[in-house]
Amino acid sequence: MKTIRLLYPDYVSGNLDEYYFGSNLMAHILPANSQHKLVKVDIMPPDGKTKPITDGIYAKDEVIGGIINAMAKIEEEQPDRIITIGGNCMVSLAPFDYLHGKNDETGIIWIDAHPDVSVPSDGYPNAHAMVLSTLLGKNEESFTGLLKNRPFRSDAILYVGLQPVHDYQARFLEKNEISYRIQNREFISDGEICRFIRRFDQILVHLDIDVLDEHTFHSTYFANPELSGDGSGGGKMTIEKLSEILQLITANGNITGFTIAEYLPFDEYKLHRMFSNLSLFVD
């Protein structure tokens, strides 16, 4: 089985430079494995400039350009398994679409505080909130038209760690008959996860770091009081609970895709910028 690590430091889909830094740092945090080829998506480093909003999407052309480049890199490699190192949540689009093309009986376990089913008309321009609506074939044509394989079925999604959603998100989920449960008091059970896994030949896991409680894990969006996003709240999960869930999934499912997204090491990025301003390090 050929496994690649797809380094995909997309930051424009979330309009936050720290995503770029976090993606590259996460590549070093993961355990080394010489059998996993590292494949880099061509993303230009942040330049500090504000991007335009086009058709309700921030930096639309750059977002789409990144997706197209990621798809091309994956097609060139023809992997059996993809570990995607983001970047923000949009990085799951290209690998999940590709892996779905290998086997239609594919389920997605979406470990996230948020549903990621927004569309441009909802008024939130950052495309990282639109990735799952696109994979379901329910977004605007400029995104869904990028899919090379059929959209995922509505019953192929399992949310883990989901927190209260906006009204427009609830309407989307209910209209499209996507099962979900708010998990601000109790997470879904091990039995529910295992029953979902057994329905599919292969499982794709999307891990958004903001499923973790910002009070105990600080490299997440909601640990930064300067940020407000779309008004959503952060996750409620401890890293110990997350570890239990990931162990359960990997022990019981055929995992062919695994995404790590939204890692935001704010303090480490501040150190990086401080040292970058010293001639000792850059001259």
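All of these numbers come straight from a predicted model, not from anything done at the bench. (Residues numbered from 1 in each chain as written. Predicted model: local features only at pLDDT ≥ 70, side-chain atom pairs only at ≥ 80, totals over all residues. Heavy atoms only, no water.)

## Some points on the pattern of salt bridges
(1) Moving on: Taken as a whole and judged by the stated rule, the model has 13 salt bridges.
(2) Moving on: Across the salt bridge formed by Lys60 and Glu140, the nearest N and O atoms sit 3.1 Å from each other. With a gap of 80 residues between them, Lys60 in helix H2 (residues 60-77) and Glu140 in the loop between helix H4 (131-135) and helix H5 (141-144) connect regions that are remote in the sequence.
(3) Moving on: Note on Lys60: relative accessible area 9%, which makes it buried.
(4) Moving on: It is possible to trace a salt-bridge network through shared partners that takes in Glu105, Arg153, Asp155 and Arg199. (Salt bridge = Lys/Arg side-chain N within 4 Å of Asp/Glu carboxyl O. Helix = DSSP H or I, 4+ residues; strand = E, 2+ residues; numbered from the N terminus. Buried < 20%, exposed > 50% of the residue type's maximum accessible area, 1.4 Å probe, protein only.)

## A closer look at the packing of H2 against helix H3 (residues 93-102)
(1) Moving on: Contact geometry for H2 and H3: axes closest at 8 Å, N-to-C directions at 40 degrees. Taken together, the axes of H2 and H3 are oblique relative to one another. The hand of the H2/H3 crossing is right-handed. On H3, the residues that touch Ile67, Ala70, Met71, Ile74 and Glu75 of H2 are Leu93, Ala94, Pro95, Asp97 and Tyr98.
(2) Moving on: By residue class, the composition of the contact of H2 with H3 is eight nonpolar, no polar and two charged. (Axes fitted to C-alpha atoms, helices over the stretch in contact; angles between N-to-C directions. Parallel < 35°, antiparallel > 145°, perpendicular 65-115°, else oblique. Left-handed = near helix turned anticlockwise from the far one by under 90°. Contact = heavy atoms within 4.5 Å. Nonpolar A, V, L, I, M, F, W, Y, C, P; charged D, E, K, R; others polar.)

## Details of the packing of aromatic side chains
(1) Moving on: Scanning the model with the defined rule gives six aromatic pairs in all.
(2) Moving on: Arranged with centres 6.0 Å apart and planes meeting at 85 degrees, the rings of Tyr11 and Tyr20 form a pair that is edge-to-face.
(3) Moving on: Aromatic pair Phe196 and Phe200: ring centres 4.9 Å apart, planes at 50 degrees, arrangement tilted. (Phe/Tyr/Trp six-rings, centres within 6.5 Å; stacked < 30°, edge-to-face > 60°.)

## Points about the nonpolar core
(1) Moving on: Ranked by internal contacts, the top residues of the largest apolar core, which has 52 residues, are Ile108, Leu132, Leu135, Phe143 and Tyr159.
(2) Moving on: Going through the elements one at a time, strand S1 (3-8), strand S4 (57-58), H2, H3, strand S6 (106-111), H4, strand S7 (157-160) and helix H6 (167-175) are the ones with two or more residues in this core.
(3) Moving on: Broken down by element, the residue count for this core peaks at six residues, all from H2.
(4) Moving on: Those residues in contact with Leu132 that sit more than four places away from it in its chain are Ile108, Trp110, Pro115, Asp116, Val117, Ile157 and Tyr159.
(5) Moving on: One finds Met26, Ile188, Ile197 and Ile255 within the second-largest nonpolar core, a separate group that totals 33 residues. (Core = buried A, V, L, I, M, F, W, Y, C linked by side-chain atoms within 4.5 Å.)

## Topic: helix H7 (residues 190-198)
(1) Moving on: Within the sequence span of H7, burial applies to Ile193, Cys194, Phe196 and Ile197. Seen end-on, H7 carries its buried residues on one side only, within an arc spanning 160 degrees.
(2) Moving on: Buried residues along H7 sit against S6, S7, strand S8 (202-208) and helix H8 (239-252). (Arc of directions from axis to C-beta.)

## Focus on the environment of Asp213
(1) Moving on: Looking at the secondary structure, you find Asp213 in the loop between S8 and H8.
(2) Moving on: Using a relative accessible area of 17% as the deciding quantity, one classes Asp213 as buried.
(3) Moving on: Considered as a pair, Asp213 and Gly231 are 18 residues apart in the sequence and their alpha carbons are 16 Å apart.
(4) Moving on: With sequence-adjacent residues up to four places away left out, Asp213 is seen in contact with Gly235, Lys236 and Met237.

## Notes on the environment of Arg185
(1) Moving on: The residue Arg185 is located in the loop between H6 and H7 in this model.
(2) Moving on: The sequence separation of Arg185 and Gln163 amounts to 22 residues, and the corresponding C-alpha distance is 9.2 Å.

## A closer look at the environment of Ser276
(1) Moving on: Mapped onto the elements, Ser276 comes out in helix H9 (residues 266-276).
(2) Moving on: There is a polar contact of 2.7 Å between the side chain of Ser276 and the backbone oxygen of His272. (Polar contact = N/O pair within 3.5 Å; in protein donor to acceptor, adjacent residues only side chain to side chain.)

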